[in-house]
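Close look at the chain arrangement
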Amino acid sequence: MSWFNNQSAAIIWKFVKPYRFAFLNLLTLIMLTSFIGILYPYVFSKLIDEVFYHQNMSFFLSIVICYGVIFVVEQSLHLILSMTWTYLSNRFLFDIRKKMHDNLLLLKGSKREQYKTGDLLTRFSRDTDTILKFIHSHLFGSVADIIRIVFSVVFVFFLNKQMAVLMVVVTPISLMISKYIANKVKTYSKNERDESGRFSTLLLEAITGIREIRILNAESQFLKKLVSSIAFITRQKNKANVIELGSERSNTAINQLTTIMIYVTSALFVMKGEMTVGAFVAVIDYFVTFSKRLSAINQTIYKIEQSKPSISKIIELVNIETSDKEMRKSLRQYELQEFRDLTFKNVHLQYHGQFVALSNINVQIRKGEKIAIVGRSGSGKSSFVKLLGKIYEPNQGSIYYNDQDIASVPVNYLRKNIGLVQQEPFFFDETIRYNLMVANSNCSEEEIWNACEQAQIADFIKSLPHGLDTKLSDKAANISGGQKQRLSIARILLRNPAIIILDESTSGLDKITESKLLSSLDRMRNSKTIIIIAHTFSTIRDVDRILVFDEGKMVSEGTHETLIHSCPIYQKLFAESVKEESA
């Protein structure tokens, strides 16, 4: 997309609007302080001419009072400006980051996979700071610089018209050079920004996967990728810096030549009696201000070009299509409903328009059923589950929740009623209690222990010195895989969903614990629907139905007794499972 258009302006305005008066106040304060700051040279010129040159000591007190008033007013405005800026920098950035966070949580699965973790971290940290800096330093700062430039010329015009004309001549030359150089800088800044995101991803992968990297003896391979990324970033920065330096030197040369012209011309006017000594000092001071502010505008042009890639990334994420529209729908009609059934009708799922994960799935799952899903790795079992939770949406066909197409069912309601327990659950670097209560922040102590008892994890927690208040380490590395799975099941039970899905989430348990856990879940069958993606067949013989998947298709369904005689694929899977269990 083009970097800044009406849509981009509308998106930024949406975040600015709640603080429009604060931003207007900030802009007004910047304009006032800029104007007041430009008064000093003019007042000083009067001090030189009237007090030092003409010995008018009665005028001295007026000058001192004038200086004092200007100083007090200026410092007061700066104080208010700083307070306003602090307020805006906290609230405005919070709103943008919250919107990005909300969009990320509601992002459709197919969209989420397009974003690298490192790139997202860069957007939340560096890029969000850039957008506020763009508004304050670049836009409002440029307004302040323009005010100082304009009033510098105005005051010089009153002191000497010819000098004012000379000051103005340099402006278009310097700006044209800056615009040309800025276009060059933009390309390198974009390349550096994109590669920084990729580098963050590489670094994160290297840190989180350090054990696997060592096991695979792949340290040199990863180091080579990291060094290559750093080298590319460095080259892009160096190219941009060289161009900026060349531009800066060009502008400095122009300013130096102009400075010499100003000094010589001013001296000639003083010698001819067409300019006072005070006016000469003021003109020089105003020209220094003029040159510095013009240089600042030149630098701002570069900075804006450097900011464009970051701002584009922010606009993209806050404006991306999510399931948020569903969140705004009234939930009353759904909250009053009791789950009856889930129905797949001619459902197809294709990842990124290439790999076909599921094809022509037709099945109905009713309340109170215990369903098992079996199939080889890559057969479509996990993709089937992801569709249930709207992590992905089907490319064709429909999924119905109580005869309602889930495309129109609020995603928060759907996920509240569908509890997914994954094979490798995620835990926060917090206490066991915190990790359990993430699912239900209002649960009581008794409810927590009941869920833990059902998940066969209560005895383990009680054996810990701090019990529920035991802190889990990074990725819960201080507990075993089976304990993680049981904690994850307890967490889902605390949420009390209508449908519980176990995605190979008992694979880390021993046979006795697994049997006790499934027996505990069996006692809920009257009120809940249980879906098990099976890894061992010994645990699924008593299910109501078994769905057999192969190469993205549901090739058969039925009980163990019927499938073992009628489905060759099931027969083969069962035989392999028995062989593995007896080995």
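Everything that follows concerns the structure shown earlier in this document.
We now turn to the structure provided with this report.

Procedures and definitions
- Residues numbered from 1 in each chain as written.
- Predicted model: local features only at pLDDT ≥ 70, side-chain atom pairs only at ≥ 80, totals over all residues.
- Heavy atoms only, no water.
- Pairing = 2+ DSSP bridges.
- Helix = DSSP H or I, 4+ residues; strand = E, 2+ residues; numbered from the N terminus.
- Core = buried A, V, L, I, M, F, W, Y, C linked by side-chain atoms within 4.5 Å.
- Buried < 20%, exposed > 50% of the residue type's maximum accessible area, 1.4 Å probe, protein only.
- Contact = heavy atoms within 4.5 Å.
- Axes fitted to C-alpha atoms, helices over the stretch in contact; angles between N-to-C directions.
- Salt bridge = Lys/Arg side-chain N within 4 Å of Asp/Glu carboxyl O.
- Expected span 1.5 Å × (residues − 1).
- Phe/Tyr/Trp six-rings, centres within 6.5 Å; stacked < 30°, edge-to-face > 60°.
- Lys NZ or Arg CZ within 6 Å of the ring centre and 35° of its normal.

So, the sheet that holds strand β1 (residues 341-351)
- Spatially, β2-β1-β4-β5 is the arrangement adopted by the 4 strands of the open sheet, whose pairing is antiparallel. One side of each edge strand has no neighbouring strand; the edge strands of this open sheet are β2 (355-366) and β5 (404-405).

Points about the nonpolar core
- Counting residues in each nonpolar core, the largest one holds 37 residues, and the members touching the most others are Phe23, Phe92, Ile96, Ile131 and Ile135.
- Going through the elements one at a time, α1 (6-16), α2 (20-37), α3 (39-53), α4 (58-105), α6 (117-159) and α10 (277-318) are the ones with two or more residues in this core.
- With 9 residues, the top contributor of residues to this core is α4.
- When sequence neighbours within four positions are dropped, the list of residues in contact with Phe23 reads Val16, Leu88, Phe92, Ile135 and Phe140.
- Ranked by size, the runner-up nonpolar core spans 33 residues in total, among them Ile371, Leu414, Phe549 and Met554.

Comments concerning the sheet that holds strand β10 (residues 553-558)
- Read from one edge to the other, the open sheet built from 6 strands follows the order β6-β7-β8-β3-β9-β10, with strand pairing classed as mixed. Either end of the sheet is taken by a strand with one partner, and the two such strands are β6 (418-421) and β10. Within the sheet, the average angular offset between the axes of one strand and its neighbour, ignoring direction, is 20 degrees.
- Where strand β3 (residues 370-375) lies against strand β9 (residues 545-550), 5 bridges are found, and the strand directions are parallel. Looking at β9, one finds that Gly375 is bridged to Phe549.
- Of the strands in this sheet, β6 and β7 (499-503) are in contact with helix α18 (residues 481-495), which crosses β6 at around 175 degrees.

What to know about the pattern of salt bridges
- The final tally for this structure, using the stated rule, is 10 salt bridges.
- For the salt bridge of Arg545 with Glu369, the shortest nitrogen-to-oxygen distance reads 2.8 Å. With Arg545 in strand β9 and Glu369 in the loop between β2 and β3, this residue pair connects regions lying 176 residues apart in the sequence. Here Arg545 matches Glu369 in class, with each residue buried.
- Among the ionic pairs, Glu453 bridges to Lys462, the shortest N-O distance being 3.5 Å.
- Assessed through its relative accessible area of 39%, Glu453 is described here as partly exposed.
- The network of salt bridges with common partners includes Arg366, Glu369, Arg545 and Glu557.

A closer look at α18
- In a regular helix each residue adds 1.5 Å, so 15 residues correspond to 21 Å; α18 covers 22 Å between its end C-alpha atoms and thus fits that length.
- Of all 15 residues in α18, 12 are buried, a share of seventy percent or more.
- Looking only at α18, the buried set comprises Gly482, Gln483, Gln485, Arg486, Leu487, Ser488, Ile489, Ala490, Arg491, Ile492, Leu493 and Leu494.
- The inward-facing, buried residues of α18 abut β6, α15 (432-437), α16 (445-454), α17 (458-463), β7 and α19 (511-522).
- Once α18 finishes, Asn496 follows within two positions and takes phi at roughly 55 degrees, a positive value.

What to know about α3
- For α3, which comprises 15 residues, the first-to-last C-alpha distance of 20 Å matches the rise-based estimate of 21 Å (1.5 Å per residue) to within 8%.
- Among the residues of α3, those classed as buried are Pro41, Val43, Ser45, Leu47, Ile48, Asp49 and Val51.
- The first or second residue beyond α3 is Gln55, which carries a positive phi of 55 degrees.

Describing the packing of aromatic side chains
- Evaluated as defined, the whole model comprises 13 aromatic pairs.
- Both rings, one in Phe344 and one in Phe384, keep their centres 4.4 Å apart while their planes meet at 20 degrees; by these two values the pair is stacked. One end of the pair, Phe344, is in strand β1; the other, Phe384, is in helix α13 (residues 381-388), and 40 residues separate them in sequence. In this structure, Phe344 and Phe384 share a single accessibility class: buried.
- In textbook terms, an aromatic cluster arises when at least three aromatic residues are bridged by ring pairs, as seen for Tyr42, Phe155 and Tyr286.
- Here the basic side chain of Lys462 rests over the ring of Trp449, its NZ or CZ set 5.4 Å away from the ring centre.

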